Amino acid sequence: MRTVAVGFFCAAIGTLCLAPSAAAQTYPSKPVTLVATVPPGGSIDVMARWIGQELGKSLGQPVVVENRPGAGGNIAADHVARSAPDGYTLMITSSSTLTINPHVYRSLPFNPEKSFVPIVIPARLNMVLVVHPKHDVTSVHDLAGRMKADKGKFNFASSGVGTLPHLASELLTMRVGAQANHVPYKGLGPAMNDLLAGQVDFMFDSASSVPHIKAGKLRALAVVGPNRLAAIPDVPTFREIGIDGMETAAGWYGIFAPNGTPRPIVDRLSAEIRKILDMPATKERFIAIGLEPATSTPEELGAALSNDLKQLGQLVRQLNLQLQ
């Protein structure tokens, strides 16, 4: 009787040990949800839908993009962190959700390094400073001069308190010794709409301003760097015009899974998405909307997260941003 019990116990343990491997071998057997931290229409959403479309082809199952905006990406991140770690719920986000929010919000329902498993960096964030053409400025130095002359009268938009566009504007005013008022929005889309309408004066945008720049509806003054953007190659970097340190506000986009997702599933997702990122059509699409195409291993994404979490924490404290 005892021998039977021991044998049953060993068999049960063996089954448990094989479960993740078996799940990985049959993955995916149903649609996958890719949760975007922003509303529809922004660069993250555009990227998510392209990757989702192509990933669905390679996985043999639909990849559905689900937008869960709000609280600087915290709502989406909390949802994904609480989801089953089975590879069927993924998150695509800008780095600020995981690298800045922990320093801006008093508490978070997730841990940026412990609640998620890194998969891949699909693109890097090289923001462009855009101003409404009603202002007769053609350079960052012109804008700085106007802000100094009209102290407190210039307003800048952002996608929310503590986002990279917010930090970039605060960093700019600090670097040039000027002042401007922050007007936060729930996402870059609403912020861009008000900038186009002239309700705010300038902002840092991740990508969606490129068509408006080319149409003459907005004026691009500089990009964060360290490189110029291929979509607007005539726009200089801040370093090129003599303003150093703006690269601190550079970032990346990342795709993550809930912590505990089996490594074979993570490896397969990473490999399949990297194939998509290597496609010329993907690079062309990303460049067209102002993104810098990129790729990474899960380990490289994890290292970027850890490094930026420390660096941006120092910047948040330096700028003395008010916690939420």
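Scope of this entry: the structure provided in the associated data block. (Residues numbered from 1 in each chain as written. Predicted model: local features only at pLDDT ≥ 70, side-chain atom pairs only at ≥ 80, totals over all residues. Heavy atoms only, no water.)

## Let's talk about the layout of surface pockets
Part 1: Put simply, the largest pocket is a space of about 510 Å³.
Part 2: If you trace the largest pocket, you find 34 residues lining it, with Val-38, Ser-159, Thr-163, Gly-187 and Leu-188 closest to the centre.
Part 3: If you list the elements that add at least two residues to the lining of the largest pocket, you get α2 (43–59), α4 (96–99), α7 (164–176) and α8 (188–196). (1 Å grid on protein atoms, 1.4 Å probe; cavity = no way out; pocket = protein on both sides within 12 Å on 5 of 7 lines; lining within 4 Å. Points joined across faces, edges and corners; volume = space filled by probe spheres on them. Helix = DSSP H or I, 4+ residues; strand = E, 2+ residues; numbered from the N terminus.)

## With respect to the pattern of salt bridges
Part 1: Per the counting criterion, the structure on display carries 12 salt bridges.
Part 2: The closest approach of N and O atoms between Glu-66 and Arg-68, which form a salt bridge, is 2.4 Å.
Part 3: Assessed through its relative accessible area of 27%, Glu-66 is described here as partly exposed.
Part 4: One salt bridge in this structure joins Arg-263 and Asp-267, with 2.7 Å as the shortest N-O distance. Of this pair, Arg-263 and Asp-267 both sit in helix α10 (residues 263–277), 4 residues apart, which is roughly one turn of the helix.
Part 5: Residue Asp-267 is classed as partly exposed on the basis of its relative accessible area of 33%. (Salt bridge = Lys/Arg side-chain N within 4 Å of Asp/Glu carboxyl O. Buried < 20%, exposed > 50% of the residue type's maximum accessible area, 1.4 Å probe, protein only.)

## With respect to the packing of α7 against helix α12 (residues 298–319)
The description of two helices packed together rests on the angle between their axes and the distance between the axes.
Part 1: Where α7 meets α12, the closest approach of the two axes is 11 Å, and the angle between their N-to-C directions is 55°. Here α7 lies oblique to α12, going by the angle between them. As α7 runs across α12, the sense of the crossing is left-handed. Residues Leu-164, Leu-167, Glu-170, Leu-171 and Met-174 of α7 form the contact with α12, whose participating residues are Leu-312, Leu-315, Val-316, Gln-318 and Leu-319.
Part 2: When grouped by side-chain class, the residues that make up the contact of α7 with α12 number 8 nonpolar, 1 polar and 1 charged. (Axes fitted to C-alpha atoms, helices over the stretch in contact; angles between N-to-C directions. Parallel < 35°, antiparallel > 145°, perpendicular 65-115°, else oblique. Left-handed = near helix turned anticlockwise from the far one by under 90°. Contact = heavy atoms within 4.5 Å. Nonpolar A, V, L, I, M, F, W, Y, C, P; charged D, E, K, R; others polar.)

## As for unusual backbone geometry
Part 1: Here the residue pair Tyr-27 and Pro-28 is connected by a cis peptide bond, since its omega of -5° sits within 30 degrees of zero.
Part 2: Locating Pro-28 in the fold gives a position in the loop between α1 (2–26) and β1 (32–36).
Part 3: Each neighbour pair has its own omega, and for Gly-225 with Pro-226 the value is 10°, a cis peptide bond.
Part 4: With respect to the helices and strands, Pro-226 occurs in the loop between β10 (219–223) and β11 (251–258).
Part 5: Here Ala-71, not a glycine, exhibits a phi torsion of approximately 55°, which is positive.
Part 6: If you trace the backbone, Ala-71 turns up in the loop between β2 (63–67) and α3 (74–81).
Part 7: Under the relative-accessibility criterion, Ala-71 is labelled partly exposed at 37%.

## Some details on the packing of α2 against helix α11 (residues 280–288)
Part 1: Relative to each other, α2 and α11 sit at 170°, their axes nearing to 11 Å. With respect to α11, the axis of α2 lies roughly antiparallel. On α11, the residues that touch Met-47, Trp-50 and Ile-51 of α2 are Ala-281, Thr-282, Arg-285 and Phe-286.

## Section: the pairing of β2
Part 1: In this sheet, β2 lies alongside β1 in parallel orientation, the contact comprising 5 bridges. Paired with Leu-34 across the bridge in β2 is Val-65.
Part 2: Of the crossover connections in this fold, the one passing from β1 over α2 to the parallel β2 is right-handed. (Pairing = 2+ DSSP bridges. Right-handed = clockwise from strand over helix to strand, strands pointing away.)

## Describing the environment of Thr-295
Part 1: Looking at the secondary structure, you find Thr-295 in the loop between β12 (292–293) and α12.
Part 2: For Thr-295, a relative accessible area of 38% translates into the label partly exposed.
Part 3: Taking the C-alpha atoms as reference points, Thr-295 and Ala-123, 172 residues apart in sequence, are found 6.7 Å from one another.
Part 4: Those residues in contact with Thr-295 that lie beyond four places of it in its chain are Val-120, Ile-121, Arg-274 and Leu-277.

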